[in-house]
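Residue-level structure breakdown
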Amino acid sequence: MSAHGVGPGQARARQRPGLSTVGLVLLLQVGCVTGAPLGRGMLGGMAYRRLTPAGLQAAAPREEPPDSGSGGGTGARSVAAEAPVHTWALGPEGGARHEDAWERTRRVEEARATALVLAAQREGRDAEAAREAEADRALARVVGLCRGVEEVGAVLAFTFWVEQGALTLVGYEERDGGSPGRPVEAEGLARVLRHVFTEYVGRRTGEVVLRLRREEARWAVDYDATHHEARPSEARTLPLRTRGASADTFLAFHETARERLRAVEVPTGGATRVEFAVRLEDGRLVGWELLEVRRTREGPGGSALPLSSEVAGQLVQALLPFTEGLGARTVHVVLRAEHRLGEAEARGRVESARVGRPSQPLAPELSWYRSMHEAILLRWHEGVVEGSAWLAQRGVEEMALWVVGGIIAKGLGLFATEGLEWVTRALGREPEVVAGWLSTALKRLSKEEQAAFEQLWRKLALEGEQALSRGESKTLRGLFVRLEEAIQQPLGVGLKNSLRADARTYYAELHPQFAAILEKRGGELPIHHRRPLQYAHLFPDENINAGGNLAMAQKYIHEEINVLWGRFRKARPNPTADEVRRAAQVIDKHFEPWYHRVEDPPGLLKTAEQAGEAALRELRSRFPGLD
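The text that follows walks through the structure, step by step, so that each part is easy to find.

Calculation criteria
Residues numbered from 1 in each chain as written. Predicted model: local features only at pLDDT ≥ 70, side-chain atom pairs only at ≥ 80, totals over all residues. Heavy atoms only, no water. Helix = DSSP H or I, 4+ residues; strand = E, 2+ residues; numbered from the N terminus. Areas by Shrake-Rupley, 256 points an atom, 1.4 Å probe, with all protein chains shown as cover. Axes fitted to C-alpha atoms, helices over the stretch in contact; angles between N-to-C directions. Parallel < 35°, antiparallel > 145°, perpendicular 65-115°, else oblique. Left-handed = near helix turned anticlockwise from the far one by under 90°. Contact = heavy atoms within 4.5 Å. Salt bridge = Lys/Arg side-chain N within 4 Å of Asp/Glu carboxyl O. Buried < 20%, exposed > 50% of the residue type's maximum accessible area, 1.4 Å probe, protein only. Phe/Tyr/Trp six-rings, centres within 6.5 Å; stacked < 30°, edge-to-face > 60°. 1 Å grid on protein atoms, 1.4 Å probe; cavity = no way out; pocket = protein on both sides within 12 Å on 5 of 7 lines; lining within 4 Å. Points joined across faces, edges and corners; volume = space filled by probe spheres on them. Nonpolar A, V, L, I, M, F, W, Y, C, P; charged D, E, K, R; others polar. Pairing = 2+ DSSP bridges. Expected span 1.5 Å × (residues − 1). Core = buried A, V, L, I, M, F, W, Y, C linked by side-chain atoms within 4.5 Å.

Another point: the overall build of the protein chain. Along the protein chain, the regular secondary structure elements total 18 helices and 15 strands. Accessible surface, the protein chain as shown: approximately 26,100 Å² in total, 50% of it carbon and sulfur.

Written out as structure tokens, the structure is:
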């Protein structure tokens, strides 16, 4: 499709704009400074690890059940990856279907995250208004970069990833032209671009390259949507209703650009190529490195000259659109600078800017985390329902999903704190495993400690680590040290009851075929913890409410099992983790046929009482002194 350019308009000088012009364009794009929407006519205001757990493989059931007390949780529960764990998915009439417990848990957690994302997308938002704002913002930035380009034949190319109306810039290139043409009317170019963005580009999904070619008195506009690139990790899926970058973001970029460009000099009458690496996280500038300054053309001689102050403005203008991506990424920028004899300073333009891609494909990301993070950021930026406050309404379980995804995305560097052993071990596992562990672990902190943790983590995730004061960083690390202590303490009565209720709710999610009968029959079908809650502190890096540690059983079966655990407690008042693990394996081996059933299994050659007697004999043989 080609949307034709516009005719002559406002008279303009044939030289590149001064600092005041660039500054005006940039300030117009910083729509968030005042919060007032800008008009349509001119320059309206204006992105790890696999989910497959390592070492978790399908296998036939063993004679002794595997260690099944790991991973998962009340909010994002899963089984740990150290050993294969399987469950029997049984209907009320029996008929088992062997299924990997981790896969079941993964599906439940992905569904939970999806529901959260949909809720964040839908509550209080006008999707069409957001699409229009997205188009207006992209239009303003494209028109802004066209200002000052007068050479006929010059080409500006913008590469966007487009999805659901969200326009994520992933690349920009500029190619020189020849002699200057006549002035171009900005309003006419804006009208053409708005039509392209709203009627064509914004309705697509995938990569779109928008090209503008400078002609004698207009810009010719074309777009190419034939590229079939993979979706970049920084791409957004939700259009933003904001009108531009914040004032803080603009100032951070402008100050850093001016500082870095002071090191650049151009030979008199010559040219220089400058390369930068700009590191971003979400919409924040986190680093800016000057990689290379290389002379590409020598002049007739004389002292080297500094760059004009206008160059910093044009550089920032090219980079600001990249702040609308997601996650951590690096934008590689090439600036070409030249000096024309007779001028006091060198001039420069951005030749290219593109988000770097790894040489080897990355493993699939935490798609549910990225989607949730985007939805929360959107609400935070738009102020519909402030993002962190909205998340707080969902409770500690959903908070755990978001926290764990952020820890995996950021790495464990923040938590490299002396005194952490079990916490760092738990945080190094698969995301669903970690989220389940964290959701139950956080409940062991006091209400005040939970509130402090949630507040500091939200600030870290939404505003970046640099937003935390030294005292806040110390407090956050201290809370993880406090968590390390809490998970090694026995559970209190109140917390046990809370975890039992969570386990019942979560079991119904894992096994929806039992949800209705669990609701109807209540206490007749208790949820059994294969490793009892009493011993949760012996397994501090594991989630006691993991899917693999839960089994529905009839009440009389549960009572038989409780009698065995009562005898074990009497003989071993202070057992080791290994003793509890071995006792659970013995009990599971004899009672597993009754797990996940609402009636007795058909065809058994022994009764529950006989199973209990056999289990007791085996326990006595393994644990001398057990009566």
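After that view, the rundown keeps rolling.
Let's shift gears to the packing of helix H3 (residues 127-146) against helix H4 (residues 186-200). Interaxial distance between H3 and H4 falls to 9 Å at its minimum, and their mutual angle equals 140°. In terms of orientation, H3 and H4 fall into the oblique class. Along this stretch, H3 crosses H4, giving a crossing that reads as right-handed. Counting all contacts with H3, which are made through Ala135, Asp136, Ala138, Leu139, Val142, Val143 and Cys146, the residues of H4 involved are Ala186, Leu189, Ala190, Leu193, Arg194, Phe197 and Thr198.

Moving on, we get to the pattern of salt bridges. Summed over all chains, the structure comprises 41 salt bridges. When the shortest N-O distance is used, the salt bridge between Arg294 and Glu292 registers 3.6 Å. What makes Arg294 partly exposed here is its relative accessible area of 37%. Residues joined by salt bridges that share partners form a network here, namely Glu134, Arg137, Arg141, Arg236 and Glu324.

A few words now on the packing of aromatic side chains. Applying the stated rule across the entire model yields 12 aromatic pairs. Taken together, a centroid distance of 5.4 Å and an interplanar angle of 70° make the contact between Phe453 and Phe480 edge-to-face. You can see Phe453 sitting in helix H12 (residues 447-463) and its partner Phe480 sitting in helix H13 (residues 470-486), a full 27 residues away along the chain. What makes Phe453 buried here is its relative accessible area of 3%. Judged by its relative accessible area of 2%, Phe480 is buried. What links up through ring pairs into an aromatic cluster is the set Tyr535, Trp565, Phe568 and Phe623.

Attention now moves to the layout of surface pockets. For the second largest pocket, the calculated volume is near 730 Å³. Residue lining of the second largest pocket: 30 residues in total, with Ser246, Thr249, Gly283, Trp380 and His381 positioned closest to the centre. Listed by contribution, the elements that provide at least two residues to the lining of the second largest pocket are H3, helix H5 (247-261), strand S10 (284-297), helix H7 (367-382) and H12. No other element matches H7, which puts five residues into the lining of the second largest pocket. Partitioned by chemical class, the residues of the lining of the second largest pocket number 12 nonpolar, nine polar and nine charged.

Our focus in this paragraph is the pairing of strand S4 (residues 155-163). Taken across its nine residues, S4 has nine buried, putting it largely inside the fold. Neither face of S4 is open: one carries Val155, Ala157, Thr159, Trp161 and Glu163, the other Leu156, Phe158, Phe160 and Val162, and all of them are buried. Where S4 folds back on strand S5 (residues 166-175), the antiparallel hairpin that results is connected by two residues, among which Gln164 adopts a positive phi of roughly 55°. Note: S4 against strand S6 (residues 206-214), eight bridges, orientation antiparallel. When the bridges of S6 are listed, Thr159 appears paired with Val209.

The buried fraction of strand S13 (residues 347-355) amounts to seven of the nine residues, a majority that puts the element mostly inside the structure. Across three bridges, S5 lies against S13 in antiparallel orientation. Residue pairing across strands places Tyr172 opposite Ala353, the latter belonging to S13. Pairing between strand S12 (residues 328-338) and S13: eight bridges, direction antiparallel. Looking at the pairing, Ala337 lines up with Gly348 of S13.

What follows covers H5. Across its 15 residues, H5 extends 21 Å between first and last C-alpha, which sits within 8% of the 21 Å expected from 1.5 Å per residue. Those residues of H5 not exposed but buried are Thr249, Phe250, Phe253, His254, Thr256, Ala257 and Leu261.

This next bit is on the nonpolar core. In this structure, Phe158, Leu193, Phe197, Leu210, Leu212 and Val278 are the most contacted members of the largest nonpolar core, which totals 61 residues. In this structure Phe197 touches Ala135, Ala138, Leu139, Val142, Phe160, Leu167, Gly202 and Leu210, once residues within four positions along its chain are discounted. Counting residues in each nonpolar core, the second largest holds 46 residues, with Trp402, Val404, Leu462 and Leu483 among its members.

Turning our eyes to something else, we now look at the packing of H12 against H13. Packing of H12 against H13 brings their axes to within 10 Å, and their N-to-C directions diverge by 130°. As far as their axial angle goes, H13 and H12 are oblique. You can see that H12 and H13 cross each other, and the crossing is left-handed. Listed contacts from H13 to Glu449, Ala452, Phe453, Leu456, Trp457, Lys459 and Leu460 of H12 are Glu472, Thr475, Leu476, Leu479, Phe480 and Arg482. Looking at the contact of H12 with H13 residue by residue, the class counts come to eight nonpolar, one polar and four charged.

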